[in-house]
Amino acid sequence: MSRKRQEADPDEVALIEWCTVVEGFFVAAGVPLREAQQYIEDEADWFTDMFYDGFSPEQAARAALAD
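Here the structure is a predicted model, which is why all the values come from computation and not from measurement.

Applying the stated criterion across every chain, the model contains two salt bridges. For Arg-34, the salt bridge goes to Glu-41, with nearest N and O atoms at 3.9 Å. We classify Arg-34 as partly exposed; its relative accessible area is 47%. In this structure, the salt-bridge partner of Glu-58 is Arg-62, at a minimum N-O distance of 2.7 Å. Residue Glu-58 and its partner Arg-62 are located together in helix H4 (residues 57-66), separated by four residues, close to a single helical turn. Residue classification places Glu-58 among the partly exposed residues on the basis of a relative accessible area of 35%. Residue Arg-62 is classed as exposed on the basis of its relative accessible area of 52%.

What follows is the structure, given as structure tokens:
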């Protein structure tokens, strides 16, 4: 019996890559990596909205850091 390979949703892959870039902006601003990752996880809905609203990763990071 063979297993079907589950293909990743292109939108989900793009969102994850986008969040990784946001994370980089956090780290560049002095936020520890683990803290940046946790914040993105905790605020996943907000970041997802920004992604689909067309925010650049830099704009999203600025909005989050201004909070």
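Now that the structure has been shown, we can carry on.
Time to look at the packing of helix H1 (residues 10-28) against H4. To describe two helices that pack against each other, one gives the angle between their axes and the distance between the axes. H4 packs onto H1 with a crossing angle of 50° between their chain directions and a minimal axis gap of 8 Å. If you check the angle between H1 and H4, you find them oblique. The element H1 and its partner H4 pack so that their crossing is right-handed. Residues Trp-18, Val-21, Val-22, Phe-25 and Phe-26 of H1 pack against Pro-57, Glu-58, Ala-60, Ala-61, Ala-64 and Leu-65 of H4. Within the contact of H1 with H4, the residues separate by chemical class into ten nonpolar, no polar and one charged.

What counts and how
- Residues numbered from 1 in each chain as written.
- Predicted model: local features only at pLDDT ≥ 70, side-chain atom pairs only at ≥ 80, totals over all residues.
- Heavy atoms only, no water.
- Salt bridge = Lys/Arg side-chain N within 4 Å of Asp/Glu carboxyl O.
- Buried < 20%, exposed > 50% of the residue type's maximum accessible area, 1.4 Å probe, protein only.
- Helix = DSSP H or I, 4+ residues; strand = E, 2+ residues; numbered from the N terminus.
- Axes fitted to C-alpha atoms, helices over the stretch in contact; angles between N-to-C directions.
- Parallel < 35°, antiparallel > 145°, perpendicular 65-115°, else oblique.
- Left-handed = near helix turned anticlockwise from the far one by under 90°.
- Contact = heavy atoms within 4.5 Å.
- Nonpolar A, V, L, I, M, F, W, Y, C, P; charged D, E, K, R; others polar.

Purely geometric numbers; function is a separate question.
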